[in-house]
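Topology and contacts: notes
Given next are the chains, with one letter for each unit.
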Amino acid sequence: MRIVAMEAVKVIYCCSVLLLLATVNSHEAWASQLSIEHEGDIYDCVDIKKQPSLDHSLLKNHRVQMKPSGFFSESPVDDDDDDDESLEIGLGEGCPVGTVPILRAPKEDLEAASKQDLFKSYAGHGWGFFRAEEQTIVKPKSKHYGVQAHLNVYNPKVIPQEEIYVPQSNVVIKLFFGDYGSGVGAGWAVDPYTYNSNSTRFHAFWLVGYNQKYCANTKCKGFIQVSRKIPVGMKISNVSTYHGKQYDIKLTIYKDPKQGYWWLLYGSKDEPVGYWPTKLFKNETITHAKQAVWGGTAAGHDPFPPMGSGHNPKEGYASACYISRMKVLETSGGKFTDVKTDMLTKFETSPTCYTVGGQGYSNKWGYRIFVGGAGGLCGL
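Residues numbered from 1 in each chain as written. Predicted model: local features only at pLDDT ≥ 70, side-chain atom pairs only at ≥ 80, totals over all residues. Heavy atoms only, no water.

Section: the overall build of the protein chain
Which entries qualify depends on this criterion: Only runs of H or I of at least four residues qualify as helices and only runs of E of at least two qualify as strands under DSSP, and these elements are numbered from the N terminus. Only protein chains enter the accessibility calculation, which uses a 1.4 Å probe. A residue is then buried if its area is under 20% of the maximum for its type, exposed if over 50%, and partly exposed in between. What sets the accessible areas is the Shrake-Rupley method with a 1.4 Å probe; for residues, cover comes only from the shown protein chains.
Looking only at helices and strands, the protein chain has three helices and 21 strands in total. Taken across its 380 residues, the protein chain has 55% of its residues classed as buried. Of the accessible surface of the protein chain, which amounts to about 17800 Å², a share of 54% is contributed by carbon and sulfur atoms.

Remarks on the state of the cysteines
Note: disulfide means a covalent bond formed between the sulfur atoms of two cysteine side chains. To be explicit about the condition: Note on terminology: pairs of cysteine sulfur atoms within 2.5 Å are recorded as disulfides.
Per the stated rule, a full pass over the model turns up two disulfides. Across the disulfide, Cys-353 is cross-linked to Cys-378 (sulfur-sulfur distance 2.1 Å). Handedness of the Cys-353-Cys-378 disulfide follows from its S-S torsion of about -115 degrees: it is left-handed. Of this pair, Cys-353 sits in the loop between β19 (344–348) and β20 (355–362) while Cys-378 sits in the segment after β21 (366–372), and the two are 25 residues apart along the sequence. For the protein chain, numbering the cysteines in disulfides from first to last along the sequence yields the connectivity 1-2, 3-4.

A short note on the packing of aromatic side chains
As a reminder of what qualifies: Think of it this way: a Phe, Tyr or Trp ring, Trp meaning its six-membered ring, pairs with another when their centres are within 6.5 Å, and the plane angle makes it stacked under 30 degrees, edge-to-face over 60, tilted otherwise.
By the definition in use, this model includes 12 aromatic pairs. Considering the side-chain rings of Phe-177 and Phe-281, the 5.1 Å spacing of their centres and the 80 degrees angle between planes classify their relative orientation as edge-to-face. On the criterion of sequence distance, the pair formed by Phe-177 in the loop between β8 (168–176) and β9 (183–190) and Phe-281 in the loop between β15 (271–276) and β16 (291–301) is long-range, its members being 104 residues apart. Judged by its relative accessible area of 1%, Phe-281 is buried.

Let's talk about the nonpolar core
So the rule is basically this: Working definition of a nonpolar core: buried Ala, Val, Leu, Ile, Met, Phe, Trp, Tyr and Cys residues. They are joined through side-chain atoms within 4.5 Å. Any two residues having at least one pair of non-hydrogen atoms within 4.5 Å are treated as being in contact.
Among the nonpolar cores identified, the biggest contains 82 residues, and Phe-202, Ile-253, Leu-264, Trp-276 and Trp-294 are the most heavily contacted of them. Those residues in contact with Leu-264, other than ones at most four positions away along the chain, are Ala-186, Phe-202, Ala-204, Phe-223, Val-232, Thr-252, Ile-253, Glu-271, Pro-272, Val-273, Gly-274 and Trp-276. In terms of nonpolar packing, the next biggest core, distinct from the first, is built from seven residues, Phe-176, Phe-205, Leu-207 and Val-293 among them.

Considering the pattern of salt bridges
Side chains that differ in charge, positive against negative, can pair when their charged atoms come close. Note the cut-off: Definition used for salt bridges: Asp or Glu carboxyl oxygen within 4 Å of a side-chain nitrogen of Lys or Arg.
Scanning the entire structure with this criterion turns up six salt bridges. A salt bridge links Arg-104 to Asp-44; its shortest N-O distance comes to 2.5 Å. One end of the pair, Arg-104, is in the loop between β5 (99–103) and α2 (107–114); the other, Asp-44, is in strand β2 (residues 41–47), and 60 residues separate them in sequence. Of the charged contacts in the structure, one is a salt bridge between Glu-348 and Lys-346, with a shortest N-O distance of 3.8 Å. Linked by salt bridges that have partners in common, Arg-131, Glu-133 and Lys-174 make up one network.

Describing the sheet that holds β2
Going by this rule: Pairing between strands is defined by DSSP: at least two bridges between them are needed. Each axis is a line fitted through C-alpha atoms, taken for helices only over the stretch in contact, and angles between the N-to-C directions span 0 to 180 degrees.
Read from one edge of the open sheet, three strands run β1-β2-β5, paired in antiparallel fashion. The open sheet has two free edges, formed respectively by β1 (35–38) and β5, since each of these has just one partner strand. Between one strand axis and the next, the sheet turns by 30 degrees as a mean value, whatever way the strands run.

Digging into unusual backbone geometry
Here the amide bond leading from Asp-302 into Pro-303 is cis, since omega sits at -5 degrees, within 30 degrees of zero. If you trace the backbone, Pro-303 turns up in the loop between β16 and β17 (321–329). At Ala-318, a residue that is not glycine, the phi angle is positive and equals roughly 70 degrees. Its location among the elements puts Ala-318 in the loop between β16 and β17. Using a relative accessible area of 11% as the deciding quantity, one classes Ala-318 as buried.

Some points on the sheet that holds β8
The strand order across the open sheet built from seven strands is β11-β10-β9-β8-β16-β6-β19, with neighbouring strands paired in antiparallel fashion. A strand with exactly one partner marks an edge of an open sheet, and here the two such strands are β11 (213–216) and β19. Looking at each pair of strands side by side, their axes are set apart by 25 degrees on average, direction ignored. Where β8 and β9 come together, eight bridges link them in antiparallel fashion. Looking at the pairing, Phe-176 lines up with Gly-183 of β9.

As for the side chain of Asp-256
Where we set the bar: When charges are tallied, Lys and Arg are placed among the positive residues and Asp and Glu among the negative ones, while His and the ends of the chain are skipped. Pairing of N or O atoms within 3.5 Å defines a polar contact, subject to two protein rules: one partner must be a possible hydrogen donor and the other a possible acceptor, and residues neighboring in sequence count only if both atoms are side-chain atoms.
As for its placement among the helices and strands, Asp-256 is situated in the loop between β13 (246–255) and β14 (262–266). In this structure, Asp-256 is buried with no salt-bridge partner, the nearest side chain bearing the opposite charge being Lys-258 at 7.3 Å. Polar contacts involving the side chain of Asp-256 include one to the side chain of Gln-65, which spans 2.9 Å. Beyond its immediate chain neighbours, meaning those up to four positions away, Asp-256 contacts Gln-65, Pro-68, Ser-69, Gly-70, Tyr-261 and Trp-263.

A closer look at the environment of Glu-330
With respect to the element layout, Glu-330 can be found in the loop between β17 and β18 (335–338). For Glu-330, a relative accessible area of 41% translates into the label partly exposed. When the C-alpha atoms of Glu-330 and Ser-142 are compared, they prove to be 8.5 Å apart, with 188 residues separating the residues in sequence. Apart from the residues within four sequence positions on either side, Glu-330 is in contact with Lys-143, His-144, Tyr-145, Thr-337 and Met-343.

A closer look at the pairing of strand β7 (residues 146–152)
The buried count for β7 comes to seven of seven residues, which makes it a mostly enclosed element. A two-sided burial pattern is seen for β7, the buried positions comprising Gly-146, Gln-148, His-150 and Asn-152 on one face and Val-147, Ala-149 and Leu-151 on the other. Summarising the sheet, β7 and β17 pair through five bridges and their orientation is antiparallel. Looking at the pairing, Leu-151 lines up with Ile-323 of β17.

Written out as structure tokens, the structure is:
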């Protein structure tokens, strides 16, 4: 009787162990496979402390900052307008607490992205990288700690080409740190190479050094994602139409006054999306930015893609692509203020194809410009 009882205990114990192992394995499999599908894209919910960017050689032992240590205050602007709509994007409830969404990409895409030397690749051979921008005038004492704007969103027709890295069309805000060409930026992009589609995407990037090594979103290591709901690289479904409904996105980049990281915020509620640690710029002392930039870029070869809406800035609202409520932060931990005409200079690398126009301030729009062009044969 005692022997039978002992055998029964062994059976129960073995069954309990097997059940526990099965439960653990099931949980691990669930955790490793947890993902969100959104408009044809798959986002893996990754442990925020184990996200790919933390494998960067300069970010070993980096402690993730969950939110900025301080927020800024804004100057009031009348946002009420029946004709345009600021877009709030996201993945619904998003990933579980403690995880962040990372856009899934094929392994070969990640390997290619880690080797990108994008802007250098356009030298010669008919390649072109064009800019149409308003930039703050660089002065010896220029100091910028943030940049902000509302970017009118379009989906210009970008025809895929076989050559790597091109073509692409973007409307962005940027900060350049100094004499080495390093900086950070964000906006929207149509980039078939990076995203394997012609969709308009929420786009973030950073540049390092004179060679302008270009890293987009989380396709190469560096940008730290913290938002559970708004991933960089996400599709923007609602886009403006020529002479139709207009949409824009509000973006802010600013330096955390305590930690010194450069944060990207999205939308009217200034949702922290993530940040660029200053260690990424290893050969530079980054205390502030020397230049703020608002504008468009286009890359490829003849015929070059459209920029913005593809229409000339002279056509104005609901035809050309606008950038409005342009602001800068000139004091660390201070207040964003509207830019003024005497602070800015126009920069156009191919005015026959892409231009900036319509500059001016109003109470409704703040400081606003229009950027873009049809592209085409740009004379390279």
